[in-house]
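Examination of the molecular architecture
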Amino acid sequence: MITSNERTISSLTHLSVLTQYFIPFGNFIFPIVIWSSKKNDSEFIDYNGKQTLNFQLSIFMYSLLLLLISIPLLIYGFVNSLTVYPHFNGNIDFDNLDFHSISHEKITGIILVAIMGIVIFGFLKIIEFILIIIAAVKASNGEYYKYPLTIPFIK
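Residues numbered from 1 in each chain as written. Predicted model: local features only at pLDDT ≥ 70, side-chain atom pairs only at ≥ 80, totals over all residues. Heavy atoms only, no water.

Brief notes about the overall build of the protein
To keep it simple, the criterion reads: Counting from the N terminus, the helices are DSSP H or I runs at least four residues long and the strands are E runs at least two residues long. Remark: exposure states derive from per-residue accessible area (1.4 Å probe, protein chains only) relative to the maximum for the residue type, with buried under 20%, exposed over 50%, and partly exposed in between. The contact rule is simple, with two residues in contact once any of their heavy atoms fall within 4.5 Å. Only the protein chains shown count as covering a residue, and every accessible area follows the Shrake-Rupley method with a 1.4 Å probe.
When you go through the protein residue by residue, the secondary structure sums to 4 helices and 2 strands. Across the protein, helices and strands are ordered from the amino to the carboxyl terminus as α-α-α-β-β-α. Counting only residues that meet the buried cut, the protein has 36% of its 155 residues in that class. In the protein, the share of contacts with a sequence separation of at least 24, taken over all contacts with a separation of at least 6, comes to 70%. Roughly 9700 Å² of accessible area belongs to the protein as shown, and the carbon and sulfur atoms make up 71% of that amount.

What to know about the packing of aromatic side chains
This is how it is decided: Each Phe, Tyr or Trp ring, with Trp reduced to its six-membered ring, pairs with another whose centre is within 6.5 Å; inter-plane angles below 30 degrees give stacked pairs, above 60 give edge-to-face pairs, and intermediate values give tilted ones.
Applying the stated criterion across every chain yields a total of 7 aromatic pairs. With centroids separated by 4.0 Å and ring planes inclined at 5°, the aromatic side chains of phenylalanine 55 and tyrosine 147 adopt a geometry described as stacked. With phenylalanine 55 in helix α3 (residues 43-81) and tyrosine 147 in the segment after α4 (109-140), this pair connects stretches of sequence that are 92 residues apart. Each member of the pair, phenylalanine 55 together with tyrosine 147, is buried. Taken together, the ring pairs connect Phe25, Phe28 and Phe60 into an aromatic cluster.

Details of the pattern of salt bridges
Note the following rule: Counted as salt bridges are all cases of a side-chain nitrogen of Lys or Arg within 4 Å of a carboxyl oxygen of Asp or Glu.
Under the counting rule described, the total for this entry stands at 3 salt bridges. Between glutamate 143 and lysine 138 there is a salt bridge; the shortest N-O distance is 3.4 Å. Of the residues examined, lysine 138 reaches a relative accessible area of 30% and is grouped as partly exposed.

Here we look at the environment of phenylalanine 121
Along the chain, phenylalanine 121 turns up in helix α4. In this structure, the C-alpha to C-alpha distance between phenylalanine 121 and serine 70, residues 51 residues apart in sequence, is 9.5 Å. Residues contacting phenylalanine 121, with those up to four places away along its chain left out, are Ser63, Leu66 and Leu67.

Digging into helix α2 (residues 26-38)
For clarity, the threshold we go by: Expected span of a helix: the number of residues minus one, times 1.5 Å.
Between its terminal C-alpha atoms α2 stretches 18 Å, which fits the 18 Å expected from 13 residues at 1.5 Å a residue. Taken as a whole, α2 has its buried residues at Gly26, Asn27, Phe28, Pro31, Ile34 and Trp35.

Details of the packing of helix α1 (residues 4-15) against α2
In plain terms, the rule: What counts as an axis is a line fitted to C-alpha atoms, over the stretch in contact for a helix, and the angles between N-to-C directions run from 0 to 180 degrees. When describing relative orientation, an angle under 35 degrees is termed roughly parallel and one over 145 degrees roughly antiparallel, while 65 to 115 degrees is termed roughly perpendicular and anything else oblique. The handedness criterion is simple: a crossing whose near helix is rotated anticlockwise from the far helix by less than a right angle is left-handed, and one whose near helix is rotated clockwise is right-handed. Ten residues, namely Ala, Val, Leu, Ile, Met, Phe, Trp, Tyr, Cys and Pro, are considered nonpolar, four, namely Asp, Glu, Lys and Arg, are considered charged, and the remaining ones, Gly among them, are considered polar.
Relative to each other, α1 and α2 sit at 155°, their axes nearing to 8 Å. Considering the angle they form, α1 stands roughly antiparallel to α2. Here α1 runs over α2; the crossing is left-handed. Across the interface between the two elements, Ile9, Leu12 and Thr13 of α1 pack against Pro31, Ile34 and Lys38 of α2. Its residues assigned to classes, the contact of α1 with α2 comprises 4 nonpolar, 1 polar and 1 charged.

Some details on the side chain of histidine 14
The residue histidine 14 is located in helix α1 in this model. Its relative accessible area of 0% is what places histidine 14 among the buried residues.

And the structure:
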């Protein structure tokens, strides 16, 4: 039987991830503090703490991968589509850049891949928020919830 206290602490563990919007790395710090202080008291709290941390580590890894691919491609694509006057000798002279030369005709596949990566990153953050709320509600109801696409770093 899962007690009301265990459900509340488990739900709070999931919701503590939302501190990432106010405190850098709050999505790791607060769940770790709550989970490590209560994991020996309850199997339910231990399970939810592991799920929360595994999900956050997975989201961090997916986000980092998307940004490491998208940002360099975006920079390369835009720098490559700039017109430099009078002659390009390998050094960029910012006084002679023509930013008006960037048009929809010059948007290449590289830029589209980069933009798609950034859009996917945005969707990932929205889905993360929704899944955190779902997990908190499930924990509050005393149900075991496993986040989708989560890599089990902590077993």
